[in-house]
Structure formats: C-alpha cells, structure tokens
There are 4 protein chains.
Amino acid sequence: MKRIAVFTSGGDAPGMNAAIRAVVRGGLHHGVEIFGIIRGYNGMIKGDIIPLNSQSVSNIIQRGGTILKSARSKEFMTPEGRKKGYDQLKSHGIEGLVAIGGNGTFTGAEIFFNEFQIPTVGAPGTIDNDLFGTDYTIGYDTAVNTALDAIDKIRDTADSHDRIFFIEVMGRDSGYIAVQSGISGGAESILIPEERQTIEDVVGTLKAGFEKKKSSSIVVVAEGDEEGHAAIIAERIKSTIDVPVDIRVTNLGHIQRGGRPSAYDRILASRLGLGALEGLLAGHKNEMAGIVNDKLVYTPFHDTITKKKEINSDLLRLSGILSK
Amino acid sequence: MKRIAVFTSGGDAPGMNAAIRAVVRGGLHHGVEIFGIIRGYNGMIKGDIIPLNSQSVSNIIQRGGTILKSARSKEFMTPEGRKKGYDQLKSHGIEGLVAIGGNGTFTGAEIFFNEFQIPTVGAPGTIDNDLFGTDYTIGYDTAVNTALDAIDKIRDTADSHDRIFFIEVMGRDSGYIAVQSGISGGAESILIPEERQTIEDVVGTLKAGFEKKKSSSIVVVAEGDEEGHAAIIAERIKSTIDVPVDIRVTNLGHIQRGGRPSAYDRILASRLGLGALEGLLAGHKNEMAGIVNDKLVYTPFHDTITKKKEINSDLLRLSGILSK
Amino acid sequence: MKRIAVFTSGGDAPGMNAAIRAVVRGGLHHGVEIFGIIRGYNGMIKGDIIPLNSQSVSNIIQRGGTILKSARSKEFMTPEGRKKGYDQLKSHGIEGLVAIGGNGTFTGAEIFFNEFQIPTVGAPGTIDNDLFGTDYTIGYDTAVNTALDAIDKIRDTADSHDRIFFIEVMGRDSGYIAVQSGISGGAESILIPEERQTIEDVVGTLKAGFEKKKSSSIVVVAEGDEEGHAAIIAERIKSTIDVPVDIRVTNLGHIQRGGRPSAYDRILASRLGLGALEGLLAGHKNEMAGIVNDKLVYTPFHDTITKKKEINSDLLRLSGILSK
Amino acid sequence: MKRIAVFTSGGDAPGMNAAIRAVVRGGLHHGVEIFGIIRGYNGMIKGDIIPLNSQSVSNIIQRGGTILKSARSKEFMTPEGRKKGYDQLKSHGIEGLVAIGGNGTFTGAEIFFNEFQIPTVGAPGTIDNDLFGTDYTIGYDTAVNTALDAIDKIRDTADSHDRIFFIEVMGRDSGYIAVQSGISGGAESILIPEERQTIEDVVGTLKAGFEKKKSSSIVVVAEGDEEGHAAIIAERIKSTIDVPVDIRVTNLGHIQRGGRPSAYDRILASRLGLGALEGLLAGHKNEMAGIVNDKLVYTPFHDTITKKKEINSDLLRLSGILSK
C-alpha cells in the first residue's frame, strides 16, 4: 500500500486531530503517502482529497474539532454515491482508508469494502464511549472533564442557594458520560439508560438527603433516548415530592463536544491513529483499532456494531455508596 | 460602630467570598467585630447570625458561590418580617450592615433603614453587570470568561460541521455578558435587548458570511426578558433563510454563575468589600460602593435602582467591524 | 473491626481528598466508625485524631491537597515514636489503618504492623505513578494534565519566537509524567531516566528538525535523580550544537502537585479509597489496593516497594514516530 | 493611506492575535489593504511581508502567541538595517505601520520615522503592564490569571504541608503582575520593586502569621531586576528566621506568556488594534493607542518611554489589610 487516506466522520470529538496527526506522521515513518478527505464520505464523493505532510499536522494536537471536518452523507448510503466515492479514490490512487468515527461510519466502510474492495481500518472517535472493542473512545475523557467542570460550577450555586439541580449530559443511549461525570462530580443520584430507576427511587434518595440536612443535591441525567429527559424527570419529581424544594434543570449541550483534548485523549488518539494505519498496512480490514487493558487490539466492525459495551458494575456500586 | 454584619443576597456570583473576606479582614484592621448573616434577609429574621474571624474566611478567596449562602425572602417584604429582623440584629448588637447583592437587596435595605435606622452600605454582587454606579460588578468578569470558554468549545464543533450556533447567555435584561463574550468569542452576530435587531438583520449577516465562504457562524443571544429567546429566534431564522443551513441552539445556563473567580473579580470584590465596610464606618448609608475609573465611589441606592448603565457604544461598533 | 483511621502521608496529590471521602462514606455503608489522623505519622504520635462523618467529607471531592494534611515524621522511624503512635491508636480504639501515600508510607506501616499488629491497607497516592501494583496512582492524571497545560502555553511562545524550550517536569526517578506530558504536548524529544539518551541523540533530533524547517522545539526532561537536570542538559547542548538557536529552560515545579483533580483521578481515588477500606475489613494487611486492567487488586507492600513498574514500550515507540 | 503593514515585536503576549485580527478587519472596513510583516523588524529588513485578508485572521482570536511571530533585530538598530527595511516597505507600497509591542519596539519606530517618514502607531502588547498611556496592556490580564492559577495550585500543597512558598512571577522591573496575582491569590506578602521591603519586614509578617496559627504562607516576588530574586530572598529569610519552617521556592517562568487570552485581553486587544489602525488613518504618528478610563487615547511614544506608570496605591494598602 503506497497511498492511504484518512477522514473523520460523525460527531466531532476532541482528540480527532491527534489521531489524524498520528496517521500522517506514521505514514512518514512507514514511507506511505497520506491523503486527507474533507468532510468524510461527502468529500470522498466530491473528490475533496488533499495530500497531508508533516507540516499539515503541526500544531494541531492541542485543538478540538477536526481539521478534516466532518459531515453526514446521505449520498454515500446509495450505491451511486459509493461508486462516485470509489472513482475518486481510484483517480487519486488511494488503496486503503483510516476512518475516525463511530458505528455509522464503520457500517458505511464495510458496505463500501464489500462492493469495491478498498479496505478500511477504523479508529473509535466519539465522546459517547459506546463502542465495543475499546476501553475508551477518543474524546470521552475530555467530554467527561468538561461535564465535570460544569458540575463543579453548578454545585457552587446549588450549595449557595440550597437547590436541587438536574444536569443533563450527553451520551446518546449510553450512560458512560453520566456515570463518570456524576461520580467525580459527587452527584447524589445518577440516571442512566442502562439502569432503570423509578421516580420513586430518586425521590427516596433526595428525601434521605434532606433528613441528613443535606441542603443541596445534584442529579446527573444521561440524555438517553428521549429529548428533554432531565426537564421531564424534574417536572415529575416536583409534582411527587412533598417537601419544599427549589429544583433547577440545566442541559450542558454542545460544550461537551469541543475544547482542548485532555492528555489521555491525545495519547489514546495517537495510539489509535497509528494503530489503525499500521493495522491497514499489516492487512487488517473491516476492523476497528482499540485499546483494551492498555494493549492494541483489532475488533471486526461487525462486533463493534452489534455488541454492547457494559458499564463496569463496580462504578455503579461505588456511586451508590459515595452518595451516602 | 463596633459590630457590623455582612450578608449575601440574590443570585450568587463568583467573588462574593472574596468580598466577605475583605469585610472580615477589614473589620480586624479597624477593630470592628464582624458577624455573618446566613441566607440573607431570611437568616436575619431567623437570627442565623454568626461571628466571623480571620480563620473563618481563610482559604475562601478562590471559591465560587458564597459561604454565607443566599436566598430570597418573602417575609422581609412585610413590615412584620423586617421587625423580626431588626429585633435579631438588636439582640446581637449589630449597628450596621454590608449587603452584597443587587438592586432587590438594596431596595430592601433602604426600606429597612427608613423604618429602623440601621444603615447599610452595599457592594454590587451580580454576574449581570447591570448596576449603575460601578464600572463592573462582582462576578461579571468570571461569568464572561466562563461563557467565552463555552463559545470557544462550541466553535470547534461549529467549524468541524459547518454549522450555525445560537448561544444564549445570561444577563437578565442587560446585554453586557452577551456583548463581551460575543466580541471576545468572535461571534458573527450579537443580539442584545439594548439594540433591537430584526430577524432580517441577522439573516443578512449570516448570508453575507456565506457569500464570503464562511462555513460556520456563532450568534450570541442575551437571555433578554423572554424565556427561550435563542430557540425562538433560531426557529424563525430557519424558516426565513433560503440557504441550506444546519442551525443548532445551546443555552449556557447555570454554569455561568459558578466557578473559581478570576483575578479581576477577586480584586474588585476585595476592594468593594473593604470599601463598603469603610464607607459604613465613615457614616455612609443607603449607598453602594463601586469602582468607577479605578476609583472607589459611593452611589445612593436610589440611583443604582433607577438609573440604567449604558453599554459602551465603542463596543457595539467594534463588534460590527470585527465580524466582517 | 469497628474503628478505622485514615491518613495521608508523603507528598500531597490531587485526589487524596476523594480517597478520604470514599473511606468515610464506605465506613458509613459498612457500619464502621472512621477517624482521620492529621499530618500522617506525626499526628498519630501526637494523638491528633478526629472522628469523620459524612458532613466532614462533603464538598471536598473537587479540592486539591489533603484535608488531613501530610508531613514527614522522623520520630516514627524510631521504636519509641511508633510505640507512642500505637498508644494513641489504642486509646482511640482504632483497630486498622488506611494509609494514602507512597512507598515511604507503606514501609513505615509494615514495620508498625510487625511490632504492634495493627493492620494497614494502602492506597497509592502520588503524582509520580511509580508504584508497582496499580496501573495509575492517585494524582498522576491531574499532574500530567497540569504539565500539559503548561507545555501548551510554552509552545505558544516557542512558536512565536522560534525557540527551543527545555521543560523539566516532576516524577523523581520515574519518567511517567515526562512521557505522557511529552507525547500529549507534541514534544520533539523526551528525556527520561528509564531510557538513556546521549546529548548527541538530542542534538541529532534538534538538527533534523531544523532541516525540516521546524523553527521551534520542545524537549521534556524528567527531573530524574539530579537537581537542575534540564538546565544542565540545555547548557551542554548549547555548547555542542553548531546552529544558532535560542534555548530557554523552564522548570514547572510545584504547580504539578496541586489543583482540582481530574475526573479520572477522582474516580480512581474513590475506587482505591473504598477498596482499601473494604480490603481491611476483609482481612487484608500490609497490602496496597490498586487498579490493574480496570479491576481492583491487592499487592503486598513488599512488592510495591521492591518491584519496578515499567513504562509501556508502545509509548516510547509512539513518541519516536510522532515527533517526525 | 492605501496600504498599511502590521507586525508584532518584543516578547509575545496573549491577545496579540486578536489585535492583528482587528487591524485586518478594520482595514477591510475602511478599504485599506493590510499586510503582515513576519518576525518584526527582522522580517521588514528581509521583506518577509505578506498580504492579510479576512480569512487569514479567522479563528485566531483564541490563540496565544502571534501568528506574525516576533523577534529582536540587531540589524534594525543600524542605519543600514533601517534603510533596507524602508526599501522593502517602499517596494511593497506600504505607507504606514501598526506596531504591536513595547517600548523597545516604539523606540525603533520613532527613529525610523525620523529617517524615512513612514508613520507608526503602536498598540501596547506586553504581559508586564509597564507602559504609560494605557490602563492595561495586551496580555496582562491573561498573565495575571495564569499566575493566579499557579498560586491556587501551590496553595493546595502549602496548606497540606504547612509550608511557606516563595513564588516568583514575571514583570521585569514592574510589580504589576506580582501585585494583582498576589492579592487575588491571597498572598501573605508581596515583594515588588516599587516598594522596598526589608527582609525584616517579611520575617515580621511571617512570624505574625505563626502567632495566629497560620500554618502556611505564600510570598509573591516580582522578578525585579535581578535573576533568581525569590531564591535569594528565601535563602536569606531561612537564615534569619528563628522558627522552624519549611520554605520552598518556585519560579513560574514562561508559562505566564502563553495560553488562550482572557475575554478582557481579547477585547482590549481588539479595541487597541482597531484604535491603532484608525489613529494611523486619522494622521497620528509616533503615538501609542491606549485605553484610559475606558476611552481610547493616543500617547506620544516619547511619553510611553520616559514616563513611569504608577501602581494604584489603593491596591498596596488593600494587600496589607487583607493578609491580616
């Protein structure tokens, strides 16, 4: 393989630039030309493909977002779209792909390989940490710290005003961000899709807090599958609880996606970017590079897509004990 | 005056603790005993009043929120409530008050003085910077930097995905936070109550951006007087604009209130806390300590309540030029 | 066991407070009374021992340092000192100890057990990450991010002035902080005790950079075993290199110890604090609780003291490739 | 004037990029072409001059350092060097200059004007805040907050270990950074060139602290005119004081120059960049744009160079009272 292209796809995540840099610098090391595709599959179809050298990725390791930009592509879901993409890669002499993204991205890559035999190795780039085949995904540690920073700030107000705050964090249908930001933020209660808690459970926890003279509380809510989760839950609790409480709701929203990546995310992204490139060079395809127990592993896209990563049950137990 | 009490009231603001510390250390310097009232006027009514010494305020200058807590008091709006408060102060031998808060707090203090002749000097503590009589209020600089940090993060995503983001910041009916965070965040457009812009104006700015190949934009919206401002405006623009755009809305919410105060806020709060105390000792009453052009001044509560502080028109002009 | 005491010893590390909190809340969960010893072995000798309840550890998870303070104790190195300590514990009814610290602390605990049969389980609290028996130590992730933040800032100046910066980071005789902060900071070269590099190697790397028109460079130097390491190396390189370069040296120093702990450190510390307590209750002694491959394990003090934790060789290779 | 060039010179300061951006966007607004000179006077001599458009300064407002780079130029101190610089400007059609820097920069600009009649208006860019003619310089607020952040971190360790820390901050022969970071960091003592304190004074303050059971102390030392100031002072105090104390010294060094500029610095830099440009267009020359009492003013280089800006004596008094 002499020419490989890298692209980012799906929601941006802090550390994606570090992964791109590792692919480019790794290419230099292995004598492979690296190209960048702008805006994911969309750019592939349009031929928005540029050569990347060491200078192109200089001074980007500390930046959030992705210098290659990201986009969703409806056209790539059609055979015609993929054919156009293939023609563009062909005309640029691209023989393999490194895809930084999540399961949507990997699904597209697998279909594309089956049709045109251009192999892809993926690197898990998503703040949600919901990908089977790696302990952590690129961007997750930064997102958790951003959420934590917000929780710390909100606790100042919660304490000053004796309030209960419901804080909604990202994570789609995964509770990872909620669990880690909730435990580290000292939340009294954490609501995640993986563990069904009833309104009565939450009311119970909050009431137990009152009895211990706890005057303020933080409840972290994973966005789960419904829009406006935290607001709805808070509303129901307000109408259920029979003690006078001042309940506020805040949705952390898009701040969780951006920002300077943490040390952990930069190193993880560097290892995974290089790992994806070297996997491709070693003949891997339709697989995602991941780090499990501090070791590089490759997992078939099929498994990353169909298998569910479980939240460590130690953490759920820990959360229960610490909020006493 | 031998005994003075300090309290915080209204929304908490970063730097309030630095102001409390300055009152206590200033009391030590001037040989005056300082007491703290917990939860503002509510605590005054209940007699929740504690002595404060140098150790009480050690290691608090860096903390957000207020160690004296804050609350709204309906009871203090009644003559009976104020009488109770007076009796409590009397029984503690309190002869004067330092009130850290905003216009609601000062209004109460003035009525209280007229009834019971216990003088209050105020220190402006609110993130909104909407108080006449001081260039800046305690907490404003920190809140602007918190909003800015969020805008910087969101721009990473806006750039990566070619999106337009509407970001709603705090400020009640004042546009200060919006103007400073918007200019420093490089916003393409800033919507504030002080300057009526039509939907057409905003659409015009955004379209001009497209024509210059600007692929992402940030619009900062002051919360103004309506709930959900940013969401409503974004919706109306979506239905008006005839170019395909991906518009997102995020409301920064309560993170803007908390956090470690900035250097500026800690110094401002220290000067104003000491200034309020020394004003009280010098015979001031019904006045707010403020810093105007780097000098300590006292302004009658009547003026802080009735006069409107204007946003420097240089800033509005600057914003227009820089977003080109 | 009905009464357990917790203490911190050795250099302070961010997350120690989260570990203390976990011990206290865990005690509540298991119906065990928890006491805190102030200033480590010194406080034990003096009987500076206080009961801790849920409120004592409220709102400390986000604070750097240690609320129990830390100190070195020469007296505890003598049999007389340890006898005094034992008498104090006895008189307080303390039956077991949770020691948060490093190898110096654990060595003392083991001798103490052999003399007086009061069992200790340790939790690894040190920013250096140099303890065998755990993948990470409490405080390490925060220290790396603090060092990284400093490197990011210094790179702004290095780039603006085309300079080479030698940045010395902490870690005693371990290169962990240097390796992770160096890779994540995009350092051109990383000098650690574990891997002897000659001055010629560094000069070679820097010269190769010049040839690729790299105008600025960052060299991260682990403090190693000599004081002023970075300054000495920089001086020698200045006198060796035959290209005109502007070389500056900065020693990050004590900022690396403090600050709000990261999410990772708070969770790690919470798991290890609870793990140490529950280990003690389950009959462990002379062992350190650690997390290896995301699982709680106990390692004899003897091993944590005598065995050397190796730096993952993948990281050293990564560093070489990324600086191309 | 149809073509104006902007450059940065002297030590880099956070906000310089915001000032460059304001010059460029202001040029667009006024229909003037803006060029950038790379590496200050050095680049002028070499003709390293590039056109800047709106895109060139997009997404730089949040970055530390300077995209135009900075350097000292010995050659520009010679008539021959300046002649070369003039020829280069001439050949590019440059009719005026905006110089972002300090007094060294302005001195060169004035000599250059006298020889070649190319006018310069300056913008004060230095973290030291030592320029007469403006309340604050670009980069100062950020540097103070960086120093403060470090002091907050070090206090965690000082408190945990009952230590006295001497922290040296930047500022050359000015005590501005020391005063503001010291007051906001709650320092027990602040040593600045403007106010001679004897070793006895400091020892007195520290002893008074001991007597009040203050177990830790922070002394902030301005770098002043001697290298290693803090280390020398600490050594002398160690040998003078007769109480057992654990004294540590840390020099914050170059981290104070870099990093994301604060909101204040971005706005100040934007106002001053635009102000310098508009001053030049209005016929000003040999003057520095400054903000005094929130208003744009122009001060002759002669005054900025010869006059000394005094530290507000309120702050010095405040510092004395608060450390009680």
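Residues numbered from 1 in each chain as written. Chains lettered and ligands numbered in written order. Predicted model: local features only at pLDDT ≥ 70, side-chain atom pairs only at ≥ 80, totals over all residues. Heavy atoms only, no water.

Trainee: Please explain the relation of the copies chain D and chain C as it appears in this structure.
Mentor: Two chain copies, one operation linking them: a rotation about an axis together with a shift along it. For the pair chain D and chain C, the superposition axis carries a translation of 0.0 Å, the fit reaches an RMSD of 0.0 Å, and the rotation angle comes to 180 degrees. Taken together, the rotation and translation describe the operation of a two-fold axis. In terms of proximity to the rotation axis, the leading residue of chain D is L252 of chain D, whose C-alpha is 3.5 Å off the axis. The fraction of interface residues of chain D whose copies in chain C are also interface residues reaches 100%, indicating that both copies meet through the same surface. (Least-squares fit on C-alpha atoms with pLDDT ≥ 70 in both. Contact = heavy atoms within 4.5 Å.)

Trainee: What should I look at first to understand the domain arrangement of chain A in this one?
Mentor: The extent of an interface is frequently quoted as the accessible surface area lost upon association of the parts. Residues and elements named next belong to chain A. Taken domain by domain, chain A consists of domain 1 (3–139 + 261–306) and domain 2 (142–257). The straight-line distance from the C-alpha centre of domain 1 to that of domain 2 is 35 Å. In this assembly, 13 residues from domain 1 lie in contact with 12 residues from domain 2. Taking both partners together, domain 1 and domain 2 bury about 1,000 Å²; carbon and sulfur atoms supply 44% of that area. Of all residues in domain 1, I127, D128 and D130 give up the largest surface area on contact with domain 2, accounting jointly for 50% of the area buried on that side. For the pair domain 1 and domain 2, the interface holds 2 salt bridges. For D128, the salt bridge identified is with R172, shortest N-O distance 2.9 Å. For the pair domain 1 and domain 2, the number of links is 7 residue pairs in polar contact (both at pLDDT 80 or more). Class assignment for the residues of the side of domain 1 that touches domain 2 results in 5 nonpolar, 4 polar and 4 charged. (Domains from an automatic or database assignment. Buried area = accessible area lost by both parts, 1.4 Å probe. Salt bridge = Lys/Arg side-chain N within 4 Å of Asp/Glu carboxyl O. Polar contact = N/O pair within 3.5 Å; in protein donor to acceptor, adjacent residues only side chain to side chain. Nonpolar A, V, L, I, M, F, W, Y, C, P; charged D, E, K, R; others polar.)

Trainee: Explain the sheet that holds strand β6 (residues 164–169) of chain A to me, please; I cannot follow it from the model alone.
Mentor: By way of backbone hydrogen bonds, the strands of a sheet pair with one another, either parallel or antiparallel. Residues and elements named next belong to chain A. The parallel open sheet is built from 4 strands, whose spatial order is β7-β8-β6-β9. Two strands bound the open sheet, and with one partner strand each, they are β7 (189–191) and β9 (247–251). For this sheet, the mean angle separating the axes of adjacent strands, direction not counted, is 20 degrees. Sheet topology note: the β6/β9 ladder contains 5 bridges and is parallel. Residue E168 lies in a different strand from β9, and its bridge partner there is N251. Helix α7 (residues 199–211) rests against β6, β7 and β8 (217–222) of the sheet, and its axis sits at about 170 degrees to β7. (Pairing = 2+ DSSP bridges. Helix = DSSP H or I, 4+ residues; strand = E, 2+ residues; numbered from the N terminus. Axes fitted to C-alpha atoms, helices over the stretch in contact; angles between N-to-C directions.)

Trainee: What am I meant to see in the side chain of T250 of chain A here?
Mentor: The topology assignment puts T250 of chain A in strand β9. With residues up to four places along the chain from it excluded, the contact list for T250 of chain A reads I154, F166, I167 and E168 of chain A together with L252, G253 and H254 of chain B.

Trainee: I tried to follow helix α11 (residues 313–322) of chain C on my own but got confused; where do I start?
Mentor: Helical periodicity: at 3.6 residues per turn, an α-helix aligns residues three or four positions apart in one direction. What α11 of chain C keeps buried is the set L315, L318, S319, I321 and L322 of chain C. Within α11 of chain C, the buried residues cover an arc of 165 degrees as seen down the axis, which keeps them to one side. On its buried side, α11 of chain C packs onto α1 (16–30) and α9 (263–281) of chain A together with α6 (176–184) and β7 (189–191) of chain C. A side-chain oxygen of the first residue of α11 of chain C lies 2.8 Å from the backbone nitrogen of D314 of chain C; this N-cap is N312 of chain C. (Buried < 20%, exposed > 50% of the residue type's maximum accessible area, 1.4 Å probe, protein only. Arc of directions from axis to C-beta.)

Trainee: Just to check I follow, could you spell out the interface of chain C and chain A for this structure?
Mentor: Of the residues lining the interface, 49 residues belong to chain C; the matching set on chain A comes to 49 residues. A combined buried area of about 4,100 Å² lies between chain C and chain A, and 53% of that area is made up of carbon and sulfur atoms. Three residues stand out in chain C for area buried against chain A, namely I267, L322 and K324 of chain C, and they jointly supply 14% of the buried area on that side. Where chain C meets chain A, there are 10 salt bridges.

Trainee: Which parts of the structure should I look at to understand α7 of chain A?
Mentor: All names here are of chain A. Taking 1.5 Å of rise per residue, the 13 residues of α7 would be expected to cover 18 Å, and the 18 Å separating its terminal C-alpha atoms lies within 8% of that figure. Within the sequence span of α7, burial applies to I199, V202, V203, L206 and G209. Taken down its axis, α7 places every buried residue within 120 degrees of arc, on the same side. Exposed and oriented more than 90 degrees from the buried face of α7 are E200 and E211. Tucked inside the fold, the buried residues of α7 contact β6, β7, β8 and α8 (229–240). (Expected span 1.5 Å × (residues − 1).)

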